[in-house]
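Now for the letters of each chain:
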Amino acid sequence: MTAIIHPDAPADRVGAQSPFRVARRVRGLSDRAIAWLFVAPTVALLLAINIFPLVWMIRLSFTNLNLSMSYLPLRFVGLDNYSDILTDEDLWLRLQTTAQFVISSVALQVVIGFGLALLINRQFRSHSFWTTIILLPMMLSPAVVGNFWTLLFQPQIGPFNYVVGLFTGIPPSSFSMTGEVALAPWTIVLVDTWMWAPYVMLICLAGLRSIPDYIYEAAEVDRASSLRQFWSITLPMTMPFLMLAVLFRAIENFKMFDMVNLLTSGGPGSTTELVSITLKRAAFEKWRTGYSSALAIILFVTVFGAANIYVKALNRVKQR
Amino acid sequence: MPKSATKRWSTWVSGALALFAGVALTVVGNEPAAAQAKQLTLCWAAWDPANALVELGKDFTKESGIEMKYEFVPWTSYADRFLNELNSHGKLCDLIIGDSQWIGGAAENHWYVKLNDFFAKEHITMDDFVPATVVGYSEWPKNTPNYWALPAMADAVGWTYRKDWFARPEIQAEFKKKYGRDLAPPKTYDELKQIAEFFQGREIDGKKVYGAYIFTERGSEGITMGVTNVLYNYGFEYENPKKPYQMQGFVNSPEAAKGLEFYKDLYKCCTAPGMTNAYMQEGLDAFKSGQVAMQMNWFAFFPGLYKDPNVGGDKIGFFVNPAGPKGHFTQLGGQGISVVATSDHQDDALRYIKWFAQPKVQQKWWEIGGYSALKAVVDAPGFPKSAPFAPQFLESMGIVKDFWAEPSYAQLLLDMQKRVHDYVVADKGTAQQALDLLVKDWTKVFKEQGKAVASD
């Protein structure tokens, strides 16, 4: 049996490269067909759980669908949902809150993570043990972290307020980290940083360990100071790793939901209501399916666009 | 096709047929057993009365042979979970004890089975139930004889107080000296605030205590279910009684704004620290741990509190939601029991409702920790003395008001949660601005629902 090979198709390439002509064992099927047979479940799964919902959501975003009033006729409303969202002052405030959270938490995580990576990279005695200890928070589930910190922040019995009181003299029950407008935004930043700075550290550590020793040796020969070595070697050579960490964390924090929902439920008022919480409320509490589909698409395009620009910048840094 | 290949194919086909036959036989073999073990799934919230219902349900199983299975979900995710189930036409629940505000959506979306014919056939009449519960839990449209549920769990907001603290002579004397009256359960919100201020920060038995516990939860319905108890009594109304959906001047009247200011004052002056996102459970914890002198909560929890070894018995007292300058109302809670329209066991589910509606079952329901809405139970001469909170419960059920029960109730509720929490807890804007914004939000929701909203 002779199979006709079209080298453009991935399935065909797989078929062509098979060391054994499998088709000969299963009668009636060409190598190409067998290759497609193997790829088909994955393609079907991708279509079913990624592409179809996306296309369906785009369609819904142009309708008035509200699942709590599904008896109302489904109407095509054009760009109404999009214009509603883009002209909603409250939503812009939520985006502002999200941006503040993303910028503050990622900045802190980069500074702390990079600092920890520099320390761990010195390879002092028991550094492996400390690396494991530092990595523990990121291994926990965000739901556990949310509940755990809620308890720690409890004004009357929480150890956090007690410790603050011990050092500052402020009565522990006189402030609430999750309940005060001035403190709550910083509280979610603090907890997120506690959880994810180790992740940034891990990426930075990989970057630091990839710098060959001979570069530092050459710098030593040239009598470059430690600071000079840091600015001229360490930082530029770990920059792509740092940028990668920023990209990962920014995308993650942009869609942060679980931990913040458990810590503050978006409160007090709407002080810590990130756009992901607004989206969840619109979709699964208010059941405004059309509106929330449009919001999801706007957020997707925003993150996708920003990530693309960022990746281009990252590539430019890598090429330098 | 070569002979060997034909043989291989026939082996495969025989194997597949044998497997199919095996599976089919197993299914057929199990069918009589499945038919014998009839089962109904009842969905509700996970709280004290649900445990009482499990106890009660054993009698139904004994009488009918139908096994009862329960799906109880914590209050914080109760609406999300079950509205999702109903929305997606799921078959998890055969019977559902759904919140009073769901009735509009459940009727319009045909999630529940309409019970009029069944009631007529089984001689169940709604005249036998407390009127407020019939309107609140069963009717849609409101005040029309269209029934979608049987009143199952009557409930309203009430208050508990530390009777033992109130009774202490030194506290009594100090209070009288300060306010010129006896320290007693408050009849008005002004009195309640005075008492709360009096207890706030006071040391009792070597422990710092606080004045009052009120609802402030942001995520689901908490702060709304709390603030309405004050708003109603200050003159807040959902709409013009003569012109439906006209909210301007009713939701945001100057009196309603004063009520909202009062709630914020009470929250600021007299609650324990950190109560920025607190609902039923936090209230129970605060009261049981001896932290507060007075607690706002649902009557459903009062049997459990009365039995509490630390704060129950002689130490606890109960009072009706206090009156305000413009009236005396309280927030309706509670739920009706409905048959889910997608259930495959509707006949058995109706059989359960018929059984549940019987006076002797309703009497037992009240005795073991549920709250019956049947007049035969609550109007019985012995009822006020049957529990220490029974008189307050009876009085409360006569003055209840409920939140919107429109199909869009979830949007209306979340809008109110946001506006009230923004003002009360997050100190954003004024009370008048919060209510003006609420009118704007609600107008938008009703317009989306296709209602004609009059602006003035």
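All values reported here derive from a predicted model rather than from experimental measurement.

Parameters and conventions
- Residues numbered from 1 in each chain as written.
- Chains lettered and ligands numbered in written order.
- Predicted model: local features only at pLDDT ≥ 70, side-chain atom pairs only at ≥ 80, totals over all residues.
- Helix = DSSP H or I, 4+ residues; strand = E, 2+ residues; numbered from the N terminus.
- Rg over C-alpha atoms; globule rule 2.2 N^0.38 Å.
- Buried ≥ 20, exposed ≤ 12 C-beta atoms within 10 Å, placed from the backbone.
- Contact = placed C-beta atoms within 7 Å.
- Axes fitted to C-alpha atoms, helices over the stretch in contact; angles between N-to-C directions.
- Left-handed = near helix turned anticlockwise from the far one by under 90°.
- Nonpolar A, V, L, I, M, F, W, Y, C, P; charged D, E, K, R; others polar.
- pLDDT = per-residue confidence, 0-100.
- Expected span 1.5 Å × (residues − 1).
- Core = buried A, V, L, I, M, F, W, Y, C linked by C-beta atoms within 7 Å.
- Domains from an automatic or database assignment.
- Arc of directions from axis to C-beta.
- Parallel < 35°, antiparallel > 145°, perpendicular 65-115°, else oblique.
- Pairing = 2+ DSSP bridges.

S.K.: Can you break down the overall build of chain A residue by residue, with the values?
M.R.: A count of helical and extended segments in chain A gives 13 helices and 0 strands. Scanning chain A from its N terminus toward the C terminus, one meets helices and strands in the order α-α-α-α-α-α-α-α-α-α-α-α-α. Its C-alpha atoms give chain A a radius of gyration of 26 Å, more than 25% over the compact-globule value 20 Å for 320 residues. Burial status across chain A gives 32% buried among its 320 residues. Pairs at least 24 residues apart make up 64% of the contacts formed inside chain A by residues separated by at least 6 positions.

S.K.: Any details on the packing of helix α8 (residues 184-209) of chain A against helix α10 (residues 226-254) of chain A? Residues and values, ideally.
M.R.: All names here are of chain A. Their axes nearest at 9 Å, the elements α8 and α10 cross at an angle of 145 degrees. The crossing of α8 and α10 is right-handed. Contacts from D192, W196, V200, I203, C204, A206, G207 and L208 of α8 reach α10 at T234, T238, F241, L242, L244, A245, R249 and N253. When grouped by side-chain class, the residues that make up the contact of α8 with α10 number 10 nonpolar, 4 polar and 2 charged.

S.K.: Quick rundown of the interface of chain B and chain A? Include the residues and the values.
M.R.: Every contact between the two is made by 27 residues of chain B and, on the other side, 28 residues of chain A. Of all the secondary-structure elements, those providing two or more residues to the side of chain B that touches chain A are α3 (75-87), α4 (103-108) and α18 (409-424) of chain B. Across the side of chain B that touches chain A, the residue classes break down as 7 nonpolar, 13 polar and 7 charged.

S.K.: Provide a residue-level description of the confidence of the model for chain B, including the pertinent values.
M.R.: Residues and elements named next belong to chain B. For chain B, the mean per-residue pLDDT works out to 92, and 92% of the residues sit at or above 70. Here residues 27-35 is modelled with pLDDT under 50, and outside its nearest four sequence neighbours on either side it reaches 0 contacts, counting other chains as well. With a pTM of 0.86, the predicted complex shows an ipTM of 0.80.

S.K.: I'd like a description of helix α2 (residues 48-64) of chain B, backed by residues and values.
M.R.: All names here are of chain B. Counted at 1.5 Å a residue, the expected span for α2 with its 17 residues is 24 Å, and the 25 Å between its end C-alpha atoms agrees. Among all positions of α2, only P49, A52, L53, L56 and G57 are buried. Tucked inside the fold, the buried residues of α2 contact β1 (39-45), β2 (67-73), β4 (150-153) and α15 (359-367). The positive-phi residue at the C-terminal boundary of α2 is G65, with phi of around 80 degrees.

S.K.: Run through the nonpolar core, naming residues and quoting values.
M.R.: Within the largest apolar cluster, 139 residues are counted, with the highest numbers of intra-cluster contacts made by L95 and L260 of chain B. Of all the elements, α18 of chain B adds the most residues to this core, at 9 residues. Residues from two domains meet in this core; each of domain 1 (39-155 + 333-380) and domain 2 (157-331 + 405-448) of chain B gives at least three. In this structure L95 of chain B touches L40, L42, I337, V339, V340, A349 and Y352 of chain B, once residues within four positions along its chain are discounted. Ranked by size, the runner-up nonpolar core spans 43 residues in total, among them V145, F153, M243 and I277 of chain A.

S.K.: Talk me through helix α14 (residues 346-356) of chain B; I want residue IDs and the actual numbers.
M.R.: Buried residues of α14 of chain B: A349, Y352, I353 and F356 of chain B, and no others. The buried residues of α14 of chain B all sit within an arc of 95 degrees when viewed along its axis, so they share a single face.

S.K.: Describe the domain arrangement of chain A, listing the residues and the values that go with them.
M.R.: Each domain of chain A was delimited in the assignment, giving domain 1 (10-60) and domain 2 (89-319). Taking only C-alpha atoms, the centre of domain 1 of chain A and the centre of domain 2 of chain A are 39 Å apart.

S.K.: Residue-level account of the packing of helix α5 (residues 127-139) of chain A against α8 of chain A, with values.
M.R.: Residues and elements named next belong to chain A. Following both chains from N to C, one finds α5 and α8 inclined at 120 degrees, their axes separated by 7 Å at the closest point. When the interaxial angle is binned, α5 and α8 end up oblique. Here the hand of the crossing between α5 and α8 comes out left-handed. On α8, the residues touching I134, L135, P137 and M138 of α5 are W194, M195, W196, P198, Y199, M201 and L202. Split into classes, the residues belonging to the contact of α5 with α8 amount to 11 nonpolar, no polar and no charged.

S.K.: Provide a residue-level description of the domain arrangement of chain B, including the pertinent values.
M.R.: Residue and element names in this part refer to chain B. For chain B, the domain assignment lists domain 1 (39-155 + 333-380) and domain 2 (157-331 + 405-448). Once you take the C-alpha centre of each, domain 1 and domain 2 turn out to be 28 Å apart. Listed per partner, the contact involves 19 residues of domain 1 and 15 residues of domain 2. Listed by contribution, the elements that provide at least two residues to the side of domain 1 that touches domain 2 are α2, α3 and α4. When residues of the side of domain 1 that touches domain 2 are assigned to their parent elements, the largest contribution, 4 residues, is made by α4. For the side of domain 1 that touches domain 2, a count of residues per class yields 7 nonpolar, 8 polar and 4 charged.

S.K.: Let's hear about the sheet that holds strand β3 (residues 95-99) of chain B: which residues, and what values?
M.R.: Residues and elements named next belong to chain B. Read from one edge to the other, the open sheet built from 5 strands follows the order β2-β1-β3-β12-β4, with strand pairing classed as mixed. On the outer flanks of this sheet lie β2 and β4, each paired with one strand and no other. Averaged over all pairs of adjacent strands, the angle between strand axes in this sheet comes to 30 degrees, irrespective of strand direction. With 2 bridges joining them, β1 and β3 adopt parallel strand pairing. Pairing of L42 across the sheet is with L95, part of β3. With respect to the sheet, helix α6 (residues 131-138) is in contact with β4 and β12 (335-339), its orientation differing from that of β4 by roughly 100 degrees. Its contacts with the sheet put α14 on β1, β3, β4 and β12, and the angle it makes with β12 is roughly 145 degrees.

S.K.: Explain the environment of T228 of chain B residue by residue, including any values.
M.R.: Residues and elements named next belong to chain B. Structurally, T228 is set in helix α10 (residues 222-234). Put simply, T228 and G304 are 76 residues apart on the chain and 25 Å apart in space, counted from C-alpha to C-alpha. In this structure, T228 is in contact with Q331 and F403, ignoring residues within four places of it in sequence.

S.K.: Any details on unusual backbone geometry? Residues and values, ideally.
M.R.: Cis geometry marks the peptide bond from G267 of chain A to P268 of chain A, where omega comes out at -5 degrees. With an omega of -10 degrees, the peptide bond between W140 of chain B and P141 of chain B qualifies as cis. As for its placement among the helices and strands, P141 of chain B is situated in the loop between α6 and β4. Here the phi dihedral of D205 of chain B falls at roughly 55 degrees; this positive angle occurs in a residue that is not glycine.

S.K.: Which residues make up the sheet that holds strand β9 (residues 292-298) of chain B, and what values do they have?
M.R.: Residues and elements named next belong to chain B. On the basis of which strands lie adjacent, the open sheet formed by 4 strands has the order β8-β9-β5-β10 and mixed pairing. A strand with exactly one partner marks an edge of an open sheet, and here the two such strands are β8 (210-213) and β10 (316-320). Shown here is a sheet whose adjacent strand axes are inclined to one another by a mean of 20 degrees, direction ignored. Of the pairings in the sheet, the one linking β8 to β9 comprises 3 bridges and is parallel in character. Residue A212 lies in a different strand from β9, and its bridge partner there is M294. Relative to β10, helix α17 (residues 390-397) is tilted by about 15 degrees, and along the sheet it contacts β5 (157-162) and β10.

S.K.: Give a detailed account of the environment of A434 of chain B, specifying residues and quantitative values.
M.R.: Residue and element names in this part refer to chain B. Mapped onto the secondary structure, A434 falls in helix α19 (residues 431-448). For the pair A434 and K418, spaced 16 residues apart in sequence, the C-alpha to C-alpha distance is 9.2 Å. Here A434 is in contact with L260, R419, V420, D422, Y423 and G429, once residues within four sequence places are set aside.

S.K.: Give a description of the confidence of the model for chain A that names residues and reports values.
M.R.: For chain A, the average pLDDT comes to 90, and 92% of its residues sit at 70 or higher. Between residues 1-7 of chain A, whose pLDDT stays under 50, and residues either more than four places distant or in other chains, the model counts 13 contacts.

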